[in-house]
Amino acid sequence: MTSPDWDLISSYAGLLCLASISIYAGAHGSLPAKPKRKGTNKSVVQDDDEDDDEDVPDRLSSSDAWLFPVAGSVALFGMYGIMKYFGKEWINWILAWYFSIAGVGSVWKSAASLTRFAVGEERWKKFDRNRVLVLKGPRELVSVSLRTPTIALFPLALIPSVLFNTSATSRKSALITDILALSFSHNAICLLKIDSFKTGCILLSGLFFYDIYWVFGTDVMVTVATSLDVPIKLLWPKSLTFASERGYTLLGLGDIVIPGTFVALALRYDYARGEGKGTFRKRYFYATLAAYITGLVTTMTVMHVFGQAQPALLYLSPACILTLFGVGIVRGELGDVWKWIDDGLMETPGSGEYDGSAEGRRKSE
């Protein structure tokens, strides 16, 4: 009997941990800073107690979700065609600069969120707020508000991008790539919000078929993923000692961000059911997160057994969708889950207008 390949197993475990942590952090980052009321006007000078971050009410709708597989296919095949006929060197150079510049802001925002979590909300709000306002008469055109630790973190946020873009080796550092990729996935899950579970199911279902076709039907997905040396994937060396001789196991950011937005929506639903309180039960969040982990373990197992690249969404999409439906059916809440709309305008508890649930939304209308 062949002994287990612990180097490869450790590589799978490393990717699983990175992906799960990214989704967990991104989902909590997608929670609204505080409930918002419809019709609330923004004052020129906000109160000092107001949080730095604001929940943007724009959401990805069902009509948008249908376009994701189409837009993704066009972008993927276009990238494949460019590499095939013009080579990958120059496009890697262009994308390296693009992601290096974008990476500064991404790492900066993630570092600020991590620091805020580490010091605690109460202590964080004790730091000075530094604001820059651009006014036109009484109107506020631009407002930038940063606490002192956020400003201090900016020089550190430059380091990964500088190291990534000035690397003299033929292949970029896996560690730097992962730092940038994790920040991109964290911020994408925080900011890319879907408006309902119906939209989430459409999105996951459409990309389920997209992933199957481009992985099993052609060599396009695998070629692009392995040829582009940019931080759009997580890498983990196939070695317990982190040696790079055997290469790396990789996981595309799409296999983290897309299911991650669904898991984040489940957390916001739990938050709404808890009426926006600081502590609330996270039944749907933990269920869908466990489903994601199970789906990713299944993907890696099948890939290991058959020695062939697998479309992760083939396993992740059904796992997340069926788990959501299963929990909803068992708890007798599937109707409310399906009808619930996340519009980012949850009323404060006791207002009698909207409490974040499907029933509360119907009352407000």
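Residues numbered from 1 in each chain as written. Predicted model: local features only at pLDDT ≥ 70, side-chain atom pairs only at ≥ 80, totals over all residues. Heavy atoms only, no water.

With that settled, consider the overall build of the protein chain. If you tally the helices and strands in the protein chain, you get 13 helices and 4 strands. Buried residues in the protein chain amount to 46% of all 365 residues. A separation of at least 24 residues holds for 71% of the contacts in the protein chain among residues at least 6 apart in sequence. Element-wise, carbon and sulfur atoms account for 64% of the exposed surface of the protein chain, whose accessible area totals about 18,900 Å². (Helix = DSSP H or I, 4+ residues; strand = E, 2+ residues; numbered from the N terminus. Buried < 20%, exposed > 50% of the residue type's maximum accessible area, 1.4 Å probe, protein only. Contact = heavy atoms within 4.5 Å. Areas by Shrake-Rupley, 256 points an atom, 1.4 Å probe, with all protein chains shown as cover.)

Another aspect to go through is the layout of surface pockets. Here the second largest pocket defines a volume of roughly 1,600 Å³. Around the second largest pocket sit 49 residues that line it, and Met221, Ile232, Gly252, Leu253 and Gly254 are the ones nearest its centre. Sort the elements by how many residues they give to the lining of the second largest pocket and helix α2 (residues 62–86) lands first, with 6 residues. Here the lining of the second largest pocket is composed, by residue class, of 36 nonpolar, 9 polar and 4 charged. (1 Å grid on protein atoms, 1.4 Å probe; cavity = no way out; pocket = protein on both sides within 12 Å on 5 of 7 lines; lining within 4 Å. Points joined across faces, edges and corners; volume = space filled by probe spheres on them. Nonpolar A, V, L, I, M, F, W, Y, C, P; charged D, E, K, R; others polar.)

Turning to the nonpolar core, a few remarks are in order. A general trend in soluble globular proteins is that nonpolar side chains are found buried together. Formed by 73 residues in total, the largest nonpolar core has its most connected members in Phe197, Ile256, Phe262, Tyr292 and Leu296. Looking at this core element by element, the count peaks at 11 residues for helix α9 (residues 254–273). Discounting residues that sit within four places of it in the chain, Phe262 has contacts with Ile194, Phe197, Gly200, Cys201, Leu204, Thr288, Cys320, Ile321 and Leu324. (Core = buried A, V, L, I, M, F, W, Y, C linked by side-chain atoms within 4.5 Å.)

Axis separation between helix α10 (residues 283–306) and helix α11 (residues 313–330) bottoms out at 8 Å; the angle between their running directions is 150°. By the angle between their directions, the pair α10 and α11 is classed as roughly antiparallel. Crossing geometry of α10 relative to α11 is assigned as right-handed. In this structure, α10 uses Tyr284, Ala287, Thr288, Ala291, Tyr292, Gly295, Leu296, Thr298, Thr299 and Val302 to contact α11, whose residues at the interface are Tyr315, Leu316, Ala319, Cys320, Thr323, Leu324, Val327 and Gly328. Broken down by class, the residue content of the contact of α10 with α11 amounts to 12 nonpolar, 6 polar and no charged. (Axes fitted to C-alpha atoms, helices over the stretch in contact; angles between N-to-C directions. Parallel < 35°, antiparallel > 145°, perpendicular 65-115°, else oblique. Left-handed = near helix turned anticlockwise from the far one by under 90°.)

Summed over all chains, the structure comprises 18 aromatic pairs. Between Trp236 and Phe242, the aromatic rings sit 5.7 Å apart at their centres with planes inclined by 55°, giving tilted as the arrangement. A residue is classified by how much of its surface remains accessible, and Phe242, at 55% relative accessible area, is exposed. Considering the side-chain rings of Tyr271 and Phe280, the 5.4 Å spacing of their centres and the 80° angle between planes classify their relative orientation as edge-to-face. With respect to class, Tyr271 is no different from Phe280; both count as buried. Each residue in the set Phe197, Phe262, Tyr269, Tyr284 and Trp340 is aromatic and connected to the rest through ring pairs, giving one cluster. For Lys282, the ring lying beneath its charged end belongs to Phe280, and the centroid distance is 5.6 Å. (Phe/Tyr/Trp six-rings, centres within 6.5 Å; stacked < 30°, edge-to-face > 60°. Lys NZ or Arg CZ within 6 Å of the ring centre and 35° of its normal.)

What follows concerns helix α8 (residues 220–227). Of the positions making up α8, those classed as buried are Val220, Met221, Val224 and Ser227. Taken around the axis of α8, the buried residues stretch over an arc of 155°, which confines them to a single face. Where α8 is buried, its residues contact α2, α3 (89–119) and α7 (197–217). (Arc of directions from axis to C-beta.)

Moving on to the pattern of salt bridges. Per the stated rule, a full pass over the model turns up 7 salt bridges. Salt-bridge contacts for Asp7 lead to Arg246; the nearest nitrogen and oxygen are separated by 3.9 Å. Here Asp7 is found in helix α1 (residues 6–29), whereas its partner Arg246 is found in the loop between β3 (233–237) and β4 (248–252), with 239 residues between them in sequence. Classification of Asp7 as partly exposed rests on a relative accessible area of 26%. Taken together, the shared-partner salt bridges in this structure form one network comprising Asp5, Asp7 and Arg246. (Salt bridge = Lys/Arg side-chain N within 4 Å of Asp/Glu carboxyl O.)

Turning our attention to the pairing of β4. By the alternation rule, side chains of β4 split into Thr249 and Leu251, which are all buried, and Tyr248, Leu250 and Gly252, of which none is buried. Alignment of β3 against β4, held across 5 bridges, turns out to be antiparallel. Counterpart to Trp236 in the pairing with β4 is Thr249. (Pairing = 2+ DSSP bridges.)

What follows deals with the pairing of β3. Judged by how many residues are buried, β3 sits mostly within the fold: 5 of 5 residues are covered. What you see with β3 is no split at all: Lys233, Leu235 and Pro237 on one side and Leu234 and Trp236 on the other are buried throughout.

Across the protein chain, the average pLDDT comes to 84, with 85% of residues at 70 or higher. α11 holds the highest mean pLDDT among the elements of the protein chain, 96, whereas helix α13 (residues 358–364) holds the lowest, 42. Contacts of residues 36–50 to residues separated by more than four positions or lying in other chains number 32 contacts, the stretch itself having pLDDT below 50. Confidence drops under a pLDDT of 50 for residues 347–365, and excluding neighbours within four residues, the segment shows 36 contacts in the predicted structure. (pLDDT = per-residue confidence, 0-100.)

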